[in-house]
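Here's the letter readout for the chains.
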Amino acid sequence: MLKITKFESEILEVNQETPSVKTIRFSVPEEFEFNPGQFVAFILDIDGKEERRFYSIAKHGKGYIEAAINKVKNGRVSPIIHNWKKEDKVKIHGPLGMFVLKKDAFEKENIFIATGTGVAPFAAMIPKLLSGTDKKVILLAGYKHENEIIYDKFFSDLNKNNKNFEYHAVISRPENPQYKGSIGRVQSLIENHLPHNFAGDVYLCGLYEMIKDVEQMLIQKGIAKERIIFERYD
Ligand SMILES: Cc1cc2nc3c(=O)[nH]c(=O)nc-3n(C[C@H](O)[C@H](O)[C@H](O)COP(=O)(O)OP(=O)(O)OC[C@H]3O[C@@H](n4cnc5c(N)ncnc54)[C@H](O)[C@@H]3O)c2cc1C
């Protein structure tokens, strides 16, 4: 069992990844351990009321974890998090959650499907998986606009360095009429890239509407419910 702790963390780095998403690195105690796919809670005091919001651990390294945080329009907490700066101190509780690779994940093919910042836990899960399997691993990621794609270079580099890893991103509403990438919803990527007779598991992450739709679509394609594992953000 991993130890779950509450600790004060310092912000080490803030990057404006896209117009609406910041990636933020937080210090963690030396003994902090997590399972890729897990998240942490940020505990804030807003006008004397405790607010907690959860953020997937996307990347990690010696003494830090990184989260990718979307600024939700009219959201209560995420716009405040977007004002956090380097050296600010924040309260963290974690690691939390059960959305992790199944024990037998290394022995089968796996597909990861996300929209928006739902791709964040996959930035931790997929490298772990690739380090121990030569079975096919596919990531399908959907975004609204072309400037909202996150961790694109990270996943493209993984794709270059692992011949068993496929990465496809799709944009539903490109702002540039000349946009040359794939256009459509993440569901269209499933139509195009779900391997024939796929026998592995599917991991979904994002907002509930996408999860519900995609789950239904996968079940219709013959993938049993037990093979669909998901984390919903709302
Ligand atoms: C297990 C878990 C992990 C999460 N990991 C992440 C993460 O890695 N990155 C991240 O940006 N968010 C993540 N979230 C969502 C996050 O915890 C907050 O719910 C989100 O930041 C909105 O908080 P808020 O106070 O600004 O909005 P609130 O005032 O609480 O309003 C909630 C509204 O925000 C919408 N919403 C929630 N999350 C998102 C999102 N990511 N994109 C667009 N709309 C959203 C909901 O549909 C809801 O309508 C996660 C949620 C859970 C449960």
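This structure is a prediction, so every number in the text was calculated from the model and none was measured.

K.L.:
Could you clarify how one ought to interpret the site of the ligand in this entry?
P.N.:
The full set close to the ligand counts 20 residues, and R53, F54, Y55, V77 and S78 are the nearest of them. Between F54 and the ligand, the recorded distance is 2.7 Å, taken from a backbone N or O atom to an oxygen atom. A distance of 2.8 Å separates a nitrogen atom of the ligand from a polar atom in the side chain of N70. Coverage of the ligand by the protein amounts to 76% of the 880 Å² it exposes when considered alone. When each cavity is represented as a set of grid points, the ligand is found to reside in the largest pocket. Listing elements by their share of the shell around the ligand, those giving two or more residues are β4 (49–56), β6 (64–70), α1 (78–81) and β13 (228–232). Its residues assigned to classes, the shell around the ligand shows 10 nonpolar, five polar and five charged. Inspection of the shell around the ligand shows a minimum of three residues originating in each of domain 1 (5–96) and domain 2 (105–232).

K.L.:
Whenever I open this one, the domain arrangement of the protein chain confuses me. Can you help?
P.N.:
The extent of an interface is frequently quoted as the accessible surface area lost upon association of the parts. Parsing the protein chain into structural domains produces domain 1 (5–96) and domain 2 (105–232). Its C-alpha centre places domain 1 at a distance of 24 Å from the equivalent point of domain 2. Of the residues lining the interface, 18 residues belong to domain 1; the matching set on domain 2 comes to 14 residues. When the two sides are added together, the surface that domain 1 and domain 2 hide from each other amounts to roughly 1300 Å², 64% of it contributed by carbon and sulfur. Among the residues domain 1 hides against domain 2, the three largest losses belong to P36, A58 and K59. Together they make up 32% of the total. Here domain 1 and domain 2 share zero salt bridges between them. Where domain 1 touches domain 2, the interface holds four residue pairs in polar contact (both at pLDDT 80 or more). Secondary-structure elements contributing two or more residues to the side of domain 1 that touches domain 2 are β2 (21–27) and β6. Sort the elements by how many residues they give to the side of domain 1 that touches domain 2 and β6 lands first, with four residues. When grouped by side-chain class, the residues that make up the side of domain 1 that touches domain 2 number nine nonpolar, six polar and three charged.

K.L.:
How should the environment of G181 be read in this particular structure?
P.N.:
Positionally, G181 belongs in the loop between β10 (165–171) and β11 (182–183). On the accessibility criterion, G181 (33% relative accessible area) is partly exposed. Residues G181 and I171, 10 residues apart in the sequence, show an inter-C-alpha distance of 7.7 Å.

Reading the values: rules and limits
Residues numbered from 1 in each chain as written. Predicted model: local features only at pLDDT ≥ 70, side-chain atom pairs only at ≥ 80, totals over all residues. Heavy atoms only, no water. Near = heavy atom within 4 Å. Polar contact = N/O pair within 3.5 Å; in protein donor to acceptor, adjacent residues only side chain to side chain. Areas by Shrake-Rupley, 256 points an atom, 1.4 Å probe, with all protein chains shown as cover. 1 Å grid on protein atoms, 1.4 Å probe; cavity = no way out; pocket = protein on both sides within 12 Å on 5 of 7 lines; lining within 4 Å. Sits in = over half its atoms within 2 Å of the grid points. Helix = DSSP H or I, 4+ residues; strand = E, 2+ residues; numbered from the N terminus. Nonpolar A, V, L, I, M, F, W, Y, C, P; charged D, E, K, R; others polar. Domains from an automatic or database assignment. Contact = heavy atoms within 4.5 Å. Buried area = accessible area lost by both parts, 1.4 Å probe. Salt bridge = Lys/Arg side-chain N within 4 Å of Asp/Glu carboxyl O. Buried < 20%, exposed > 50% of the residue type's maximum accessible area, 1.4 Å probe, protein only.

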